[in-house]
Amino acid sequence: MPPKFFPTHGHLLVCQGPNCQARGSALLHKALWNHLERQSLAYYKRGGTLRLTESGCLGACSYGPALCVYRPDPGGAGLEEAWYAAVDFPLAARVAQAIHDRTPLPAEHRYGPDEQATRS
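Residue indices follow the written sequence of each chain, beginning from 1 at its first position. In keeping with the predicted nature of the model, local features appear solely for residues at pLDDT of at least 70, side-chain atom pairs appear and are counted solely at 80 or more, and the whole-chain, interface and lining totals rest on all residues. Side-chain descriptors were evaluated using all non-hydrogen atoms of the structure, hydrogens and water having been removed beforehand.

With an unreviewed UniProt entry as reference, the protein is termed Ferredoxin, source organism Deinococcus actinosclerus.

This is how it looks when you write it as structure tokens:
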């Protein structure tokens, strides 16, 4: 019997590198996980569509906690990715809700190649 498949609208990765952990990323991951559970947004909950994973270093060491997001591109052309630095729980919860609702991702604390496109 194959594993059960759950539909996914997006995947959030919370950095657990040493610099991000020193800035609270372990607590952020736990708080976000609890939020996804309570709101039934976790991929295995009824109606949930989000996956949350602890990751190794995401490279924003001086600006942690860092969060990376992947979701299907709203235009249907592959994957949209977003990178966030200095993430707190309210921002992480807004990002998660936007992914679940398939609405534009928040621009606050976003960085990387697509950052300018979200602000124009």
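Back to the text.
This paragraph deals with the packing of helix H2 (residues 25-38) against helix H3 (residues 89-101). Here H2 crosses H3 at 45°, and the two axes come no closer than 10 Å. With respect to their mutual orientation, H2 and H3 come out oblique. Judged by the twist between their axes, the crossing of H2 over H3 is right-handed. Contact residues: Leu28, Ala31, Leu32, His35 and Leu36 in H2; Phe89, Ala92, Ala93 and Ala96 in H3. When residues are sorted by character, Ala, Val, Leu, Ile, Met, Phe, Trp, Tyr, Cys and Pro go into the nonpolar class, Asp, Glu, Lys and Arg into the charged class, and all the rest, Gly among them, into the polar class. Considered class by class, the residues forming the contact of H2 with H3 number eight nonpolar, one polar and no charged. Each axis is a line fitted through C-alpha atoms, taken for helices only over the stretch in contact, and angles between the N-to-C directions span 0 to 180 degrees. Secondary structure is summarised from DSSP: a helix means a run of H or I of at least four residues, a strand means a run of E of at least two, and numbering begins at the N terminus for each. Our angle categories are set so that under 35 degrees counts as roughly parallel, over 145 as roughly antiparallel, 65 to 115 as roughly perpendicular, and the remainder as oblique. It is the rotation of the near helix from the far one that decides the hand of a crossing: anticlockwise by less than a right angle makes it left-handed, clockwise makes it right-handed. Contacts are residue-level and defined by heavy atoms, with any inter-residue pair within 4.5 Å sufficient.

With that settled, consider the pairing of strand E1 (residues 10-15). With respect to burial, E1 is a largely interior element, five of its six residues being buried. Sheet topology places E1 next to strand E2 (residues 50-55); six bridges connect them, and they run parallel. Residue pairing across strands places Leu12 opposite Leu52, the latter belonging to E2. As paired elements, E1 and strand E3 (residues 67-72) share four bridges and run antiparallel to each other. For Leu12, the partnering residue across the bridge sits in E3 and is Val69. Relative accessibility under 20% of the residue-type maximum defines a buried residue, over 50% an exposed one, and the middle range a partly exposed one, all with a 1.4 Å probe and only protein chains included. At least two DSSP bridges between two strands are needed for those strands to be called paired.

All right, on to the sheet that holds strand E4 (residues 79-84) then. Sheet strands associate in pairs through backbone hydrogen bonding, adopting either a parallel or an antiparallel arrangement. Ordered in space as E2-E1-E3-E4-E5, the five strands form an open sheet in which the pairing is mixed. Single-partner strands in this sheet number two, and they are E2 and strand E5 (110-111). Summarising the sheet, E3 and E4 pair through six bridges and their orientation is antiparallel. Across the sheet, Pro72 pairs through a bridge with Leu79, a residue of E4.

As a further point, take the pattern of salt bridges. Any Lys or Arg side-chain nitrogen found within 4 Å of a carboxyl oxygen on Asp or Glu counts as a salt bridge. Under the criterion given, the structure shown has four salt bridges. Here Glu80 and Arg110 are joined by a salt bridge, their closest N and O atoms 3.9 Å apart. Linking Glu80 in strand E4 with Arg110 in strand E5, this pair joins segments that are 30 residues apart in sequence. Residue classification places Glu80 among the buried positions, given a relative accessible area of 15%. Close ionic contact of Glu108 with Arg94 constitutes a salt bridge, the shortest N to O distance being 2.3 Å. Highlighted residues: Glu108 in the loop between H3 and E5 and Arg94 in helix H3, separated in sequence by 14 residues.

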